[in-house]
Amino acid sequence: MRLAVFTSKYPAQVATFFERDMRSLIEAGAEIDVFSIAPLDPSQWKHSLDLLGPERLPRERVHHLSHRDTLGSARRVLEKGGKGARLRRDTRAILKSAARHGAVPLAKTAYVLPKAWAWAAEYLAAADAPRYDHVLGYWGNYAGTCAYAFHRLATPDVPFSLWLHAGTDLYRTPVFMREKLLYADNIITCCEFNVGYMSTAFADIASRFVPKVHVCHHGLDIATFPYRTDGRPGNRVLAVGRLAKHKGFDYLIRAAQLLTQRGTDVVIELIGEGAEQRALAALAHELGIADRVQFRGFLPFPKVREAMGAATVLVHPSDGLGDGLPNVVREAMAVGTPVIASDVAGIPDALQDGCGVLVPPKNVEALAEAIGALLRDPGERAQIAERARRRAEERYDLWRNGAKLAELMRTSKRGSGRPAYALATNGGHPRREQHELAALQLLIKPPQSSHELDDLDWSQLRSTAQRGGVLVRLADALACGAGGEPLPPRFTAAAAEACATAQRVVEVVERLSSRCDRLGLGHAFLRTVESYPDAGPTIELLVGHPKAAIDRQILAELPATPRHASVHHRVANVTSYTAAYGIRIFIRHGRLGRLGEHARFARILLTHARAVRFGAVTCPAPSQADHLMLLAMHQLYTRPALRLSDLFGAIDSIRLGQVDWDNLFATAVSLALVPAVGSYLHYVNRMHRAATRQALMPPELLTRFEAAPDDMISDSAYFPRVQAAARLYVRHIRSTLESGRWHSAARLFLVPLMALLTAGSHRQGGSRS
């Protein structure tokens, strides 16, 4: 396995756990290239640990870029076909995310992106160079962003992993973190606390990334940490780390003053450098314990390990979220030095169960009590040290943890970070149905980051959405996931034209509804209002008046030309007209159904009709339950192509809990259509499962509606099979006769005849009536 690892700075004065982790991966068989964002400082090589010397990681496999090389190489990536649009979209989204955190994160992000482009250009240009099998962002924030940008351009088909630690890496200024969490195939973190932290901080997407999270503790070469508890002084308190505010070393100095006042002999030894050193020295002088506080400055790691082995206790007094699980805590545990530390972040993961002492952060009194108690009790120190060493051996063994990590990366497959829309296109569906199912999945579960848009066939998606009547809704959903990046021009133009058509339809609907109101005519718009903002050029109007003569009054203020009436329209008492802009108007006169067999349902629907907002106007439309009934009736005998607008509308109303199931069931019973409605619900449920792998409705609901078993429903995206429709038709005839509705039964008997008369003339996606 050849691994590309992106880190912030290497070599560096302190890169202890990075070097340990890299050596463990090399030992497990990985070939590593390290990409360091910071420019090379050769003087820092002297701080490198022996376990990652040049014989283990050749220096030529540690890559750096000067500013000149960065700018020169970055231009070349734009010359690669198909990369420019993706790069621009990603850059805008990343910089927009960084800007929300302030000027410094924005500047750092703007600095790392050209590095990624330059390395990608070099990688793409070196055709004979070995290819990487995996890309790892060792730090989640800026190095992770660099790794992400490199992976997107150079190696999008290999797995991508992100390693999250703490501080600016995760807890503070998490630039573009949501997108990286969704994109990664593996999310590695150093302590169990971070799993819960990420789940809370990114709760809305947690279900999508938590299954990819793996806890991998930074390891120690236990054999190089000699365990010794005897021969130590009784008063030496050691603290190791960068002298920064969040480390809480000022609380340790204040605790030392309390102990001194109480007669406890204590010496504080601080190892490390940092901006707070002068302030800490001044504090010790102010408190009168300057002779008790020793500042040893920076020490190479062997000297630090030696100091740990000579200390009475080690204290890590973090004042809050900053470190995840500090290395010095694990190292002290390994050498037999009892640890007292703040009860924050991942520290309890290591010190619980008597493996150390936990104190509340920023609590000087509690810290002084804990230090004093251990200094006075050698027996307790020995017991803590024994338990801590055992835990270090069990959890923090470098070679065992490295082997597990290498195996995870070796067996990873690229895919968990990619959009799942292709999953909807499996299993033998014809190609057209595959596109329709993929579009349905995009509507149900819109993308949440720009990278999820990469693999879309925009031309096919546009035609599919236009055919299905969902173009505007789909454009809105995709725009949210594009991170502010415009959608392809032809897709945007088509969506704009669909919006214009919808606005024209809204104007016609307003005039029709206003005219019906003035006439005192009960009316409702069928399968028109529900499709907004994708209102296609067809308006279906149900009026309570049984005679077509009323049309003249309804259309009095609307220029419209009568259309030739088909045989089944005449039987069903439907008239049709063409208005301006090619808008078609179908008026149903007191009857519903393919041949007008449902006069009773027409009356029920008009009674239940509700006022619905349609663009800028309000007009009557069926209740959600009656709309589902209408869709089931329409699909039953006409066998039209899958219409995404209708299917998504049904799914959306069910998902939002808007359907009155008792009302729907009562209406279906009264119309002898329970089996037909059940079959349609089964179909909707199956289509939702095909798109999302999740059921939409509970089994008991489908059972209530006598939902058809699988053999009644086609495996394709069309509903239902001819044989199933025939069986439902027979049941419908029988139930209608048993209920004594002879007039409806007579019309139903004509259905087979009308099917024969219209055979071959019906086109998929044709008339909605």
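Conventions adopted
Residues numbered from 1 in each chain as written. Predicted model: local features only at pLDDT ≥ 70, side-chain atom pairs only at ≥ 80, totals over all residues. Heavy atoms only, no water. Axes fitted to C-alpha atoms, helices over the stretch in contact; angles between N-to-C directions. Helix = DSSP H or I, 4+ residues; strand = E, 2+ residues; numbered from the N terminus. Left-handed = near helix turned anticlockwise from the far one by under 90°. Contact = heavy atoms within 4.5 Å. Nonpolar A, V, L, I, M, F, W, Y, C, P; charged D, E, K, R; others polar. Salt bridge = Lys/Arg side-chain N within 4 Å of Asp/Glu carboxyl O. Buried < 20%, exposed > 50% of the residue type's maximum accessible area, 1.4 Å probe, protein only. Phe/Tyr/Trp six-rings, centres within 6.5 Å; stacked < 30°, edge-to-face > 60°.

A. Spatial organisation of the packing of helix H4 (residues 103-125) against helix H5 (residues 142-154). Remark: H4 packs on H5, axes separated minimally by 8 Å, with the N-to-C direction vectors making an angle of 35°. Crossing of H4 against H5: the hand is right-handed. For the pair H4 and H5, contact is made by Pro105, Lys108, Thr109, Val112, Leu113, Lys115, Ala116, Trp117, Trp119, Ala120, Tyr123 and Leu124 and by Tyr142, Thr145, Cys146, Ala149, Phe150, Leu153 and Ala154, respectively. Among the residues forming the contact of H4 with H5, the class breakdown is 15 nonpolar, 2 polar and 2 charged.

B. The pattern of salt bridges, seen in detail. With the rule as written, the count across this model stands at 30 salt bridges. Note that arginine 262 is salt-bridged to glutamate 369, the shortest N-O span being 3.6 Å. Linking arginine 262 in the loop between helix H9 (249-261) and strand E9 (267-271) with glutamate 369 in helix H14 (residues 364-376), this pair joins segments that are 107 residues apart in sequence. Between arginine 389 and glutamate 393 there is a salt bridge, and its shortest N-O distance comes to 3.0 Å. Separated by 4 residues within a single helix, arginine 389 and glutamate 393 lie in helix H15 (residues 378-395), roughly one turn from each other. For arginine 389, a relative accessible area of 13% puts it in the buried group. It is possible to trace a salt-bridge network through shared partners that takes in Arg2, Glu31, Asp33 and Arg61.

C. Up close: the packing of aromatic side chains. Counting across every chain of the model gives 28 aromatic pairs. On the basis of an interplanar angle of 70° and a centroid distance of 4.8 Å, the ring pair of tyrosine 148 and tyrosine 183 is categorised as edge-to-face. One end of the pair, tyrosine 148, is in helix H5; the other, tyrosine 183, is in helix H6 (residues 177-183), with 35 residues separating them in the sequence. With a relative accessible area of 3%, tyrosine 183 lands in the buried category. When the centroid spacing of 4.9 Å and the interplanar angle of 70° are considered together, the rings of tyrosine 171 and tyrosine 197 count as edge-to-face. Placement of the pair is tyrosine 171 in the loop between strand E5 (160-164) and H6 and tyrosine 197 in helix H7 (residues 192-201), with a sequence separation of 26 residues. Here the aromatic residues Tyr10, Phe17, Phe18, Trp45, Tyr138, Trp139 and Trp163 are joined through ring pairs into a cluster of three or more.

Structural measurements only, silent on function.
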